[in-house]
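# Analysis of the macromolecular model
Next come the chains, spelled out residue by residue.
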Amino acid sequence: MQKITDSPIDFAEHIIEDVKNSKEEGVLKCVQCGMCTSTCPAAQHSDYNPRDIIERVLDGDISILEDDSIWNCFYCYTCHSVCPVGNSVCEVNQILKQFAIENEMGYDKLYEYMGFADSYFTAAIGAIPEIFFKDIKRDVPGWWEFRLHLDEIRDELDLDPPLMPSKEVIDEVSKILTITGFKDKIEKIRATQG
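Residues numbered from 1 in each chain as written. Predicted model: local features only at pLDDT ≥ 70, side-chain atom pairs only at ≥ 80, totals over all residues. Heavy atoms only, no water.

### Notes on the overall build of the protein chain
On a plain count of helices and strands, the protein chain comes out with 14 helices and zero strands. Going from the N terminus to the C terminus, the protein chain shows its helices and strands as α-α-α-α-α-α-α-α-α-α-α-α-α-α. For the C-alpha atoms alone, the extent of the protein chain along its principal axes is close to 60 × 40 × 30 Å. The buried share among the 194 residues of the protein chain stands at 32%. In the protein chain, the share of contacts with a sequence separation of at least 24, taken over all contacts with a separation of at least 6, comes to 62%. When the accessible surface of the protein chain is summed, it comes to about 12,300 Å², and 54% of that surface belongs to carbon and sulfur atoms. Each charge class in the protein chain was averaged separately, 19 positive and 36 negative side chains, and the resulting centres sit 3 Å apart. (Helix = DSSP H or I, 4+ residues; strand = E, 2+ residues; numbered from the N terminus. Buried < 20%, exposed > 50% of the residue type's maximum accessible area, 1.4 Å probe, protein only. Contact = heavy atoms within 4.5 Å. Areas by Shrake-Rupley, 256 points an atom, 1.4 Å probe, with all protein chains shown as cover. Lys, Arg positive; Asp, Glu negative; His and termini not counted. Charge placed at Lys NZ, Arg CZ, Asp CG, Glu CD.)

### A short note on unusual backbone geometry
You will see that Gln 32, though not glycine, has its phi angle at about 60 degrees, which is positive. One can find Gln 32 in the loop between helix H2 (26–29) and helix H3 (35–39). For Tyr 77, which is not glycine, the phi dihedral falls at a positive 70 degrees. Tracing the chain through its elements places Tyr 77 in the loop between helix H5 (50–58) and helix H6 (78–82).

### Considering the nonpolar core
Proteins that are soluble and globular tend to have nonpolar side chains buried together. Among the nonpolar cores identified, the biggest contains 34 residues, and Ile 15, Ile 53, Val 57, Val 92 and Leu 96 are the most heavily contacted of them. Every element with two or more residues in this core is listed here: helix H1 (8–17), helix H4 (41–45), H5, helix H7 (89–102), helix H8 (107–111), helix H9 (114–123) and helix H14 (182–192). No other element matches H7, which puts seven residues into this core. With residues near it in sequence (within four places) discarded, Leu 96 still touches Phe 11, Ile 15, Ile 53, Val 57, Ile 64, Leu 65 and Ile 70. (Core = buried A, V, L, I, M, F, W, Y, C linked by side-chain atoms within 4.5 Å.)

### So, the layout of surface pockets
Taken as a whole, the largest pocket encloses approximately 990 Å³ of empty space. Breaking the lining of the largest pocket down by element, the ones donating at least two residues are H4, H7, H8, H9 and H14. Roughly 190 Å³ of volume is contained in the second largest pocket. Along the walls of the second largest pocket sit Ala 127, Ile 128, Trp 143, Phe 146, Arg 147 and Leu 150, which together make up its complete lining. Of all the elements, helix H11 (residues 143–148) adds the most residues to the lining of the second largest pocket, at three residues. Here the residues of the lining of the second largest pocket are counted per class, giving five nonpolar, no polar and one charged. (1 Å grid on protein atoms, 1.4 Å probe; cavity = no way out; pocket = protein on both sides within 12 Å on 5 of 7 lines; lining within 4 Å. Points joined across faces, edges and corners; volume = space filled by probe spheres on them. Nonpolar A, V, L, I, M, F, W, Y, C, P; charged D, E, K, R; others polar.)

### Quick look at the pattern of salt bridges
Applying the stated criterion across every chain, the model contains ten salt bridges. The partner of Arg 56 in a salt bridge is Asp 52, and the shortest N-O contact between them spans 3.8 Å. Here Arg 56 pairs with Asp 52, and both are found in helix H5, just four residues apart, close to one helical turn. Residue Arg 56 is classed as buried on the basis of its relative accessible area, which comes to 14%. Look at the salt bridges and you will find they share partners, linking Asp 52, Arg 56, Asp 61 and Asp 67 into a network. (Salt bridge = Lys/Arg side-chain N within 4 Å of Asp/Glu carboxyl O.)

Quick look at the structure:
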């Protein structure tokens, strides 16, 4: 069986063939112009470098899967919108992260998001985990006050209470997440954090 590390071009082609990747082969057309990096919001505030990501993929540098910087991409697609050859570094990053997870790397990065997974099982909706409240309070002025007084605001606007999934829906969503293997994956990630 061929591995993604067998040759540099195989690594890039494996990424191109992934269902998450745009089917334009932009990865192979990259000319290292740096437009992606110059416009990337994550690159402006971290050591994440989209141009370097693609260069390492084309070089077949599998160590990129262990690089913490791939976890700084938050899929805003700015790189995709400015690339002159149709490359999408954010899509490549999604694939790299998936490779990392499949090879049991990056679990510590995912652990912070376990609260999202738990909310699907307990409420059948995605809810912001409390672990992020402190950051949101710092980054979004007024958010905490808004959250505290949401019911009052809804009353003032004469809105009905928010619709929440019924117990039957929650049970069904939980069953789907269990059957599809999602539950096993989050338990595996949680177990690594001991």
